[in-house]
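Close look at the chain arrangement
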Amino acid sequence: MDSPLLQTYISQLQGQLLDDLCTSVPALTELYQYYVRLQSKRLRPRLILLMAQATNGLGSAWSKKQCLPGPLQVEENDCSLNQSGLANVILPEQLRLAEVIEMIHVATLMHDDVIDESPLRRGAPSAPAQFGNKQSILGGDALLARALMLSASLGVPEVVTNVASVLSTLVEGELLQAQDTMTPVKQTSDDESRKPGSSDWDSYLKKTYMKTASLFSRALSCTVILGGATESDPLRDIASEFGSQLGMAFQIVDDILDFEGGEAMGKPVTADLHLGLATAPVLFALEENDEMQQLVDRRFQEPGDVQRATMIVKSTNALPRAGAVARAYAQKAHDALAPLPASPAKVALQCLAMGVIARDH
């Protein structure tokens, strides 16, 4: 349950997002705001705001921060520290960062739904289904441009570099995934190809980091940088590690839910199989059922392949095993926050990390 203050920030973030995506052309405004208006947990902004609450006041350069009313003003803007050395405030630039990261996330959804030919997003028609592929691609591009402009307005070159870097990583991850859908997953004589440390598994984890976890990691690193964490402050590594581990857990759970999420996902199930992707459940199923190999080799493209692959995954221990991997990442995220002083925000972050495992959409 969010605190009243955090709810205030989230509400203001939503309003500011809609304002910043408003144009003089109503049709463009509708396109830009489409996914922002759909119901969402705002996970990435929530993580940023909680990390700010859990670390503000701890950075070496905190004393240089001015907690003055910003463009997203809230009532509490006191820079004074409590007994744990924390400041009960989220800086305006951190709230702006949350907006930047959410814009990037929404842009990737628009692009992903074109690439994946997805008809649904959060239970509603996807942007391509509603507006067309061309408009969705251009809309996503425009959102990325606006996100970069907003990041530049923060006045911290290192943050702008991080934002630009994560955009590059996201695109590279998408390209790697596109390449993999055209490359068979090879079966080795000792059946080691799907085990951690193998090339197939490493490729899957690399794509998972690039397409999902990198944004979590960089966003939270930028949060503490804006909060006064200098290069020598361990806060940077703590925030980055937490984001990286949490992002990995989040995506692996997402891959599991592709098989068992049902309508709660708000998008078609087995979407990854239709795209020819071998995610964690498929890789584990390969270890237990030899029939899966031929399905993977032809990327589930023949009639009945998706249904057969789904049945194999569900008839093996693939889903529980993938769940165990996700839980291990979530636990690492939880433990990464151990050095931080006790606070409600720290507890909320740790609960959120473990809650990722229990989500159903």
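Quick note: structure is the one above.
Residues numbered from 1 in each chain as written. Predicted model: local features only at pLDDT ≥ 70, side-chain atom pairs only at ≥ 80, totals over all residues. Heavy atoms only, no water.

**Considering the pattern of salt bridges**
Per the counting criterion, the structure on display carries twelve salt bridges. Notably, a salt bridge pairs Asp20 with Arg96, separated by 2.9 Å at the nearest N-O pair. Taken as a pair, Asp20 in helix α1 (residues 4–20) and Arg96 in helix α4 (residues 92–115) lie far apart in primary sequence, 76 residues in all. Put simply, Lys211 and Glu174 hold a salt bridge, and the shortest N to O gap is 2.7 Å. Placement of the pair is Lys211 in helix α8 (residues 199–226) and Glu174 in helix α7 (residues 157–180), with a sequence separation of 37 residues. Of the residues examined, Glu174 reaches a relative accessible area of 16% and is grouped as buried. (Salt bridge = Lys/Arg side-chain N within 4 Å of Asp/Glu carboxyl O. Helix = DSSP H or I, 4+ residues; strand = E, 2+ residues; numbered from the N terminus. Buried < 20%, exposed > 50% of the residue type's maximum accessible area, 1.4 Å probe, protein only.)

**Regarding unusual backbone geometry**
Positioned with a positive phi, Arg299 is a non-glycine residue whose angle comes to about 55°. Within the secondary structure, Arg299 is located in the loop between α12 (291–297) and α13 (305–315). A relative accessible area of 8% places Arg299 in the buried class. Positive phi values are uncommon outside glycine, yet Phe300 reaches one of about 60°.

**Overview of the nonpolar core**
Ranked by size, the top nonpolar core spans 105 residues in total, and within it Leu47, Ile104, Phe242, Leu246, Val282, Met292 and Phe300 carry the most contacts. At 13 residues, helix α9 (residues 235–260) tops the list of elements feeding residues into this core. For Leu47, the contacting residues outside a window of four places in its chain are Phe216, Leu220, Phe242, Leu246, Leu349 and Leu352. (Core = buried A, V, L, I, M, F, W, Y, C linked by side-chain atoms within 4.5 Å. Contact = heavy atoms within 4.5 Å.)

**Details of the packing of helix α2 (residues 26–37) against α4**
In contact at an axis separation of 10 Å, α2 and α4 are set at 100° when each is read in the N-to-C sense. On the basis of their axis angle, the class for α2 and α4 is roughly perpendicular. Touching Leu31, Tyr35 and Val36 of α2 are Val106, Leu109, Met110 and Asp113, all from α4. (Axes fitted to C-alpha atoms, helices over the stretch in contact; angles between N-to-C directions. Parallel < 35°, antiparallel > 145°, perpendicular 65-115°, else oblique.)

**Observations regarding the environment of Leu170**
Within the secondary structure layout, Leu170 lies in helix α7. Sequence spacing of Leu170 and Thr208 is 38 residues, and the spatial spacing of their C-alpha atoms is 10.0 Å. The residues touching Leu170, leaving out its near neighbours within four places in the chain, are Ile104, Thr108, Met210, Lys211 and Ser214.

**Some words on the environment of Asp2**
In this structure, Asp2 sits in the segment before α1. Note on Asp2: relative accessible area 23%, which makes it partly exposed. Setting aside its immediate chain neighbours within four residues, Asp2 contacts Gln7 and Arg46.

**Quick notes on the side chain of Ser214**
Topologically, Ser214 is positioned in helix α8. Within polar-contact distance, the side chain of Ser214 engages the backbone oxygen of Met210 at 2.8 Å. Setting aside its immediate chain neighbours within four residues, Ser214 contacts Val166, Thr169, Leu170 and Tyr209. (Polar contact = N/O pair within 3.5 Å; in protein donor to acceptor, adjacent residues only side chain to side chain.)

**Observations regarding the environment of Ala342**
In this fold, Ala342 is placed in the loop between α14 (318–336) and α15 (344–355). The exposure class of Ala342 is exposed, given its relative accessible area of 63%. Along the chain, Ala342 and Leu86 lie 256 residues apart, while their C-alpha atoms are 9.6 Å from each other. Setting aside residues no more than four positions away along its own chain, Ala342 makes contact with Ser84 and Leu86.

**Some points on the packing of aromatic side chains**
Counted by the stated rule, this structure contains five aromatic pairs. With 5.7 Å between their ring centres and 50° between their planes, Trp201 and Tyr204 make a pair best called tilted. Here Trp201 and its partner Tyr204 are both found in helix α8, three residues apart, which amounts to about one turn of the helix. Grouping residues by exposure puts Trp201 and Tyr204 together as buried. Measuring from ring centre to ring centre gives 5.8 Å for Phe216 and Phe250, while their planes differ by 40°; the resulting arrangement is tilted. Here Phe250 lies in helix α9 and Phe216 lies in helix α8, a separation of 34 residues in the sequence. A residue is classified by how much of its surface remains accessible, and Phe250, at 15% relative accessible area, is buried. Ring pairing ties together the aromatic residues Tyr34, Tyr35 and Phe131, which thus form one cluster. Taking the ring centre of Phe250 as reference, the NZ or CZ of Arg44 above it sits at 5.6 Å. It is Lys332 that lies over the ring of Tyr329; its NZ or CZ is 5.5 Å from the centre. (Phe/Tyr/Trp six-rings, centres within 6.5 Å; stacked < 30°, edge-to-face > 60°. Lys NZ or Arg CZ within 6 Å of the ring centre and 35° of its normal.)

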